[in-house]
Structures are given as structure tokens and as C-alpha cells.
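Fold and contact review
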Amino acid sequence: MDQVEIFKALSNKTRLQILGWLKAPELHFPEQPNADFENVGVCVGQIQLKSGLSQSTISEYLSILQRADLISSTRLGQWTYYKRNKEGLEKLSEIINTEL
């Protein structure tokens, strides 16, 4: 992923909040009956409710974060779940530490 695209993904307050929420989902979201936070992630509907934004806006924001390799998604039935992508975040840290 291009560095500029990664930093563009981080240039929005709500997208930064989403990454923060996903860092400790048990503190920010209600328990999910069919999926655990660590292995599967947080249901997109819960992210949308917490943000107070429209479903289409949150879907776009999550798509931008996913294209930047900062989050990953898992589909279970009709629901999509998101969690932080550890490898992508480590790559971001490496870019900051070695190139900037």
C-alpha cells in the first residue's frame, strides 16, 4: 500500500476513532452473541451505531481503512465483522520509524 494512501486513511477523525474502538472493542461495544471480538471482530452495525453516521458513510470509511491494510473483515452469514490488522499496523509503525 502506498504511504500516501495509508495517511489519507488516517486523516479523518471518525476513521481514527474506529481504529481506537477496535483496539479495545470490549470497552466500546456490547457483547456479541455469535462472534468474539478477538477472533472475528466487531459487527459493522455496532460500529455504525456507535459512530452515529449513516450505514453508507461507515461502509465507505471501513473500506478505506481496509484498502490501507489497517483493518480486516470477516463475513459470517449476512453480517460483516471488522478488526484491526496487526500486520498492517506494524507496517505503518515501521514506515514511521524508518522512513519519516
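An account of the accompanying structure is given in this report. Treat the numbers as computed from the prediction; the structure is a model and nothing was measured.

Within the protein chain one finds six helices and three strands. Along the protein chain, helices (α) and strands (β) appear in the sequence α-α-α-β-α-α-β-β-α when read from the amino end. In summary, the protein chain has a C-alpha radius of gyration of 13 Å against a globular reference of 13 Å for 100 residues, a match within 12%. When the backbone C-alpha atoms are referred to their principal axes, the protein chain occupies close to 40 × 25 × 25 Å. Looking at the protein chain as a whole, 39% of its 100 residues are labelled buried. Within the protein chain, contacts between residues at least 6 apart in sequence are counted, and of these 52% link residues at least 24 apart. For the protein chain, the computed accessible surface area is about 6100 Å², with 49% contributed by carbon and sulfur atoms. One finds the centroid of the 11 positive side-chain charges in the protein chain at a distance of 6 Å from the centroid of its 12 negative side-chain charges.

Here the focus is the nonpolar core. Ile18, Ile47, Leu62 and Leu70 are the most contacted members of the largest nonpolar core, which has 24 residues in total. Only helix H1 (3-9), helix H2 (13-23), helix H4 (44-51), helix H5 (55-67) and helix H6 (86-99) provide two or more residues apiece to this core. Sorting elements by how many residues they give to this core places H5 first, with five residues. Once you skip the residues sitting within four places of it in the chain, isoleucine 47 turns out to touch Ile18, Trp21, Leu22, Phe29, Val42, Ile58, Leu62 and Tyr82.

The rules behind each value
Residues numbered from 1 in each chain as written. Predicted model: local features only at pLDDT ≥ 70, side-chain atom pairs only at ≥ 80, totals over all residues. Heavy atoms only, no water. Helix = DSSP H or I, 4+ residues; strand = E, 2+ residues; numbered from the N terminus. Rg over C-alpha atoms; globule rule 2.2 N^0.38 Å. Buried < 20%, exposed > 50% of the residue type's maximum accessible area, 1.4 Å probe, protein only. Contact = heavy atoms within 4.5 Å. Areas by Shrake-Rupley, 256 points an atom, 1.4 Å probe, with all protein chains shown as cover. Lys, Arg positive; Asp, Glu negative; His and termini not counted. Charge placed at Lys NZ, Arg CZ, Asp CG, Glu CD. Core = buried A, V, L, I, M, F, W, Y, C linked by side-chain atoms within 4.5 Å.

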